[in-house]
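Read off the chains here:
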Amino acid sequence: MSWIWPSFVDRELPLTREQRRAIDRDAWKMWFRNRWNFILYMLVPISYVLALPLLRDAAGMLAGTLGADGLGQRMVRAGVVILLPAACFVLAGAVLQRWRFAPCVYEATRRHGCDVCTRCGYWLRGLDDDAQRCPECGARREPMPVLPLEGDG
Ligand SMILES: [Zn+2]
């Protein structure tokens, strides 16, 4: 399942299991703090409900075109109405997660003292302090946050 819900915390980072859990919790807190994240996620099921009549029509047309009857027709309908949206859910979820959730994890990781890139999560160890960019993705290197997340501790 890790390809659906990968951990965005680098396995190599010198963190205890408890710290990793705390990072996950902090990342979720940050994620929920921005209501756009929630709205974007809700758009996925909402667009499914709105598209359902269209999907039914498309399924009926497809079944007709294929000349499927009985069981075949039901399978075509099930495929279009259930499997196709399910694939879209997984895809949209993965995109949103990478785009909206991963940066929260990177930020939380930094608040726990590990200098990782804010864009791609690359561990910026051993870099000169005057290195200004992430060697992995070229994002500007941000100064480490000094304050722990509110409500922490
Ligand atoms: Zn990077």
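Each value, and the rule that gives it
Residues numbered from 1 in each chain as written. Predicted model: local features only at pLDDT ≥ 70, side-chain atom pairs only at ≥ 80, totals over all residues. Helix = DSSP H or I, 4+ residues; strand = E, 2+ residues; numbered from the N terminus. Expected span 1.5 Å × (residues − 1). Bend = angle between axes of the 7 residues up to and from the residue. Buried ≥ 20, exposed ≤ 12 C-beta atoms within 10 Å, placed from the backbone. Contact = placed C-beta atoms within 7 Å.

Draft legend 1. Layout of helix H3 (residues 71-111). Compared with the 60 Å implied by 1.5 Å per residue over 41 residues, the 56 Å span of H3 between its first and last C-alpha is a close match. At Phe101, H3 shows its maximal kink, close to 40 degrees; a proline, Pro103, follows between one and four residues later. The set of residues buried in H3 consists of Val76, Val80, Cys104, Val105, Tyr106, Ala108, Thr109, Arg110 and Arg111. Residues of H3 that are buried make contact with helix H1 (17-33) and helix H2 (35-66).

Draft legend 2. Main features of H2. Compared with the 46 Å implied by 1.5 Å per residue over 32 residues, the 44 Å span of H2 between its first and last C-alpha is a close match. By the largest-angle criterion, Ala51 marks the main kink of H2, which is about 50 degrees, and a proline, Pro53, follows within four residues. Counting buried positions along H2 gives one out of 32 residues, so the element sits mostly on the surface. Where H2 ends, the next residue or the one after it, Gly67, has phi of about 70 degrees, a positive value.

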